[in-house]
Amino acid sequence: MKLHLKGGRLVDPVSGKDESLDLLIRDGRIEMIGRNLSADSSFRSVDLRGKVIAPGFIDMHVHLREPGFEHKETIETGCAAAAAGGFTAVCCMPNTNPAIDDESVATYVREKGKSVCDGLVDVYPIGAVTKGRAGAELAPMAELVQAGAVGFSDDGSPVASAEIMRRALEYSSMYGIPIIQHAEESTLTQDGCMNEGFVATRLGMPGIPSVAEELMVVRDIILLRYIPKARYHVAHISTANALDHVRRARKEGLDVTCEATPHHFTLTDEAVSGFDTNTKMNPPLRTADDVAALKEGLRDGTIEVIATDHAPHTIDEKDVEYTQAPFGIVGLETVVGLSLTELVDAKIITLYQLVEKLSTNPRKILSLPPIKIAEGEPANLTLVDPVVEWTVDLAAFHSKSRNSPFHGRRLKGRAIGILNNGSVRLS
Amino acid sequence: MKKTRLIDAEGFRRTINRLAHEVVERHTGAEGVAIVGIRTRGEYVAQRLAKIVEEISARKVPVGILDITLYRDDLRGRLDQPQLKSTNILFDVTGKVIVLVDDVLFTGRTIRAALNALTDLGRPALIELLVLIDRGHRELPIKADFIGKSVPTSLKQQIKVMMSETDGEDGVYLADPDEDGKEVSA
Amino acid sequence: MKLKSRHLLGLEGMTKEELRLILDTAVSFREILDRPIKKVPPLQGKTVVNLFFESSTRTRISFELAERRLSADVVSFSTAASSVSKGETLKDTARNIEAMKIDMVVIRHAAPGSAHFLSRVVDANVINAGDGGHEHPTQGLLDMYTLREKFGSLEGLRVCIVGDITHSRVARSNIYGLTTMGAKVSVCGPETLIPREIERLGVKVYHHLEDVIPEVDVLNVLRIQLERQKSGLFPSLREYHRFFGVTKEKVSRAPKPITIMHPGPINRDVELSADLADGEHSVILQQVTNGVAVRMAVLYLLGT
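An account of the accompanying structure is given in this report. (Residues numbered from 1 in each chain as written. Chains lettered and ligands numbered in written order. Predicted model: local features only at pLDDT ≥ 70, side-chain atom pairs only at ≥ 80, totals over all residues. Heavy atoms only, no water.)

Things to note about helix α6 (residues 169-180) of chain C
All names here are of chain C.
Here is step 1: An ideal rise of 1.5 Å per residue puts 16 Å on twelve residues; α6 measures up with 17 Å between its terminal C-alpha atoms.
Here is step 2: When α6 is considered as a whole, its buried residues turn out to be R169, V170, A171, R172, S173, N174, I175, Y176, G177 and L178.
Here is step 3: Of the residues flanking the start of α6, the one acting as N-cap is S168, its side-chain oxygen 3.2 Å from the backbone nitrogen of V170.
Here is step 4: Downstream of α6 by a residue or two, G182 has a phi angle that is positive, lying close to 95 degrees. (Helix = DSSP H or I, 4+ residues; strand = E, 2+ residues; numbered from the N terminus. Expected span 1.5 Å × (residues − 1). Buried < 20%, exposed > 50% of the residue type's maximum accessible area, 1.4 Å probe, protein only. Polar contact = N/O pair within 3.5 Å; in protein donor to acceptor, adjacent residues only side chain to side chain.)

Shown next, in the form of structure tokens:
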């Protein structure tokens, strides 16, 4: 496969480049980079004027459901959704069945990823912190690292025990791999199913208070201060107060990072008013103040990563009473559009910063090698049209599931293609 | 729209007066008679009628108001829901001679509904129908016992009964629709 | 005039005119309840299904009576008698029932929003008979009806709802309906049972009955559920009764008699003393009678 990418704007935080350049790609490698390159007719020419070439995007927080819940999503359909959404890599959370808490499951997930979608999407497992994600005993972290785990998390549940969290931070620090916390003090959340506050009061719905997230983040930061060698990452941060604690801890020099999801910086708990179960996720949609705080965090760099928490559920699972519905929504196929619309077009962050948050920063946090866009290097690229307007259509999703609150939403900008491991997908 | 006056205020008064005399005459001194008017204009006709019947017969005549909304056969599929009002009949209808009063007798459907509504309240000895205007075009086998005036009409025409209680004047008009066929409200 | 929605899911968002239409219509039905023959024909040929996923004998009987008095065909079922216990979802149950060609569904369910959910999956008119802690619109309406009957108008009427506000659908429907009609609504209960930011619904919050009693015309006393004590929201029923129970002694300090309401069933001498419940200023039984009239009005307005 030979490609001539013509006239695209190369946005590359690794080299610091942000300029219009042509790329010649041959057999998955970048053969040449330069202005107005010419190529013979054996190269397929792709007109990228007005489009963006970026290092391949990675979503460090997805649930691909395999093994165990293949009716919701498989590694194959999840990778197809990732590819369609502009991602060349995803990190799979370990709440599968069995959980990714030993070498064999981690290896299975990684190898399965290589075998699907022409290898377009690298699948990195996140190992469980505790065996069976039960919160009682540490999972074999060293083995998991060897099998390719790039982070540890009991996501879906918090690491509730302070003792276990302490040991997990200590143990993982030997490998420079972060503990990714689903920050929730569960004794405060009980049967809650949306943000506790005015809207929940109006709807008579059991609430999840913002302090539940804040408390856990604070506890973990205090532990981290005690174990400063460790690395700690807050998954799907959703509250202004928790974010403040992260900001202060970072100033203090602690290795704390965090991610925000598109739904948390786009929607508020007002969206729950119609009882659409596609507005039910954990952490829940918060208030307008929280959304403003997340945007500020994205702007000032406290939030280094945008991740989706892609959580597929079938229509039957979601089409039930609100309190009975499972938490979570899919996100892989809308994140780039939502981020461009809500953040870049709205002048909260620049396109350059967006590429950092979708590619370079998460790779750094997970200790993955940086993607080099240079002659001779493998082509791991995401192509973006930052201005095209389109309407989200659930029916067109590649994911096996359709649980998104964004159906029918008008967005500005989307991913238009990816290149990785010698394969190409152009839409 | 062309409007012809059929009865003026004076004629209105005389018509009700005559009807009252007929009622008293038929029921020797209005013995056991109660008058029930169908909302809305039948109610006012009933009240006026009762007053005169009482004067002639020197007897107290109970008056009630019947709301037939719940008994209408065209409740469903209407764009605008008729406002439901109360039936207000404070006497027992059982055993009474009920003079059922309405302003205009047309298809007979209102009277059908009224009869059902009345019999749900009890078992009158006799029910008679009194109307100010009979305009024909019956769709049910119903006929009035006392008629103020019979007016032959076409289906396109409208009878408008005006009463000072609601319309500021007493009178009955026959209205022809415009030549361009513009609808006139009932 | 007609109601805007073809369902009655809640009183939140309904206009003054709509609420007034329902209450005015209910007046006509209230009159029918005093007749020897209490049946009228407007829902003849219509089928109403009462879906009760939570037991509530009173509300179900009230709805059934209302439906039958409008001449509807009525089928009722509650969880025990249905296949819901066999793992069938609400959606399946609803679709199945609808396949039997029904016109209206009355639903009582423990999940907030379940009536909204149902209205999305079936074509029939849906009437919410209580969805978790969210709304119980017909209860709100019958409370408003009862107060309007007694006081002539709701404008400026001072009503305090006493008890577990957090979990109360009755409280919410009362708050939405009464505030729309211009009443002054307050709530009184332990802080653990007052939901956050409720002031934003236009109500005043009290924690001490002695503060609120001099300020109101009506106390609407809610039933306290024992399970709230078990989940740690208040220490004991004895303490609840002492500090939040409405008693003759406490209301006797009011400058003028206070009207007592309760949605039932009453825990006598827990949230409300028996002498007040049965006393001359109690309108609890009127509430029950008016409930039938209000439900007839709603069924009539939605079903014809």
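Next comes the rest of the description.
Describing the environment of N116 of chain B
Here is step 1: By the element assignment, N116 of chain B lies in helix α3 (residues 109-121).
Here is step 2: Relative accessible area serves as the criterion here: at 34%, N116 of chain B is assigned to the partly exposed category.

Things to note about the interface of chain C and chain B
Here is step 1: Each partner contributes residues to the interface: chain C has 22 residues there, and chain B has 18 residues.
Here is step 2: A combined buried area of about 1700 Å² lies between chain C and chain B, and 50% of that area is made up of carbon and sulfur atoms.
Here is step 3: When residues of chain C are sorted by the area they lose upon contact with chain B, K2, R35 and Y300 of chain C head the list and together hold 27% of the total.
Here is step 4: Linking chain C with chain B are zero salt bridges.
Here is step 5: The interface formed by chain C and chain B holds one residue pair in polar contact (both at pLDDT 80 or more) in total. (Contact = heavy atoms within 4.5 Å. Buried area = accessible area lost by both parts, 1.4 Å probe. Salt bridge = Lys/Arg side-chain N within 4 Å of Asp/Glu carboxyl O.)

Focus on the pairing of strand β2 (residues 17-26) of chain A
All names here are of chain A.
Here is step 1: Two elements, strand β1 (residues 2-12) and β2, share nine bridges in a ladder whose sense is antiparallel. For G8, the partnering residue across the bridge sits in β2 and is L21.
Here is step 2: Connecting β1 to the antiparallel partner β2 that follows it, the hairpin turn spans four residues, and G16 within it adopts a positive phi of roughly 85 degrees.
Here is step 3: In this structure, β2 lies alongside strand β3 (residues 29-34), joined through five bridges in antiparallel fashion. (Pairing = 2+ DSSP bridges.)

Some details on the interface of chain C and chain A
Here is step 1: Listed by partner, the interface residues are 21 residues for chain C and 18 residues for chain A.
Here is step 2: For the pair chain C and chain A, the two sides together bury roughly 1600 Å², of which 57% comes from carbon and sulfur.
Here is step 3: Among the residues chain C hides against chain A, the three largest losses belong to P112, F117 and R196 of chain C. Together they make up 28% of the total.
Here is step 4: Taken together, the links from chain C to chain A amount to two salt bridges.
Here is step 5: For E12 of chain C, the salt bridge goes to R202 of chain A, with nearest N and O atoms at 2.7 Å.
Here is step 6: Here chain C is connected to chain A by eight residue pairs in polar contact (both at pLDDT 80 or more).
Here is step 7: Sorting the residues of the side of chain C that touches chain A by element identifies α3 (90-99), α4 (114-121) and α6 of chain C as the ones contributing at least two each.
Here is step 8: Looking at the side of chain C that touches chain A element by element, the count peaks at four residues for α4 of chain C.
Here is step 9: For the side of chain C that touches chain A, the class distribution of residues is eight nonpolar, six polar and seven charged. (Nonpolar A, V, L, I, M, F, W, Y, C, P; charged D, E, K, R; others polar.)

Considering the pattern of salt bridges
Here is step 1: By the definition in use, this model includes 58 salt bridges over all chains.
Here is step 2: Salt-bridge contacts for D18 of chain A lead to R9 of chain A; the nearest nitrogen and oxygen are separated by 2.8 Å.
Here is step 3: Taking relative accessible area as the criterion, R9 of chain A reaches 32% and is therefore assigned partly exposed.
Here is step 4: The closest approach of N and O atoms between E54 of chain C and R169 of chain C, which form a salt bridge, is 3.1 Å. On the criterion of sequence distance, the pair formed by E54 of chain C in the loop between β1 (47-52) and α2 (57-69) and R169 of chain C in helix α6 is long-range, its members being 115 residues apart.
Here is step 5: Residue E54 of chain C is classed as partly exposed on the basis of its relative accessible area of 22%.
Here is step 6: On the basis of relative accessible area, R169 of chain C is assigned to the buried category, the value being 15%.

By themselves, these are just geometric observations and shouldn't be taken as functional.
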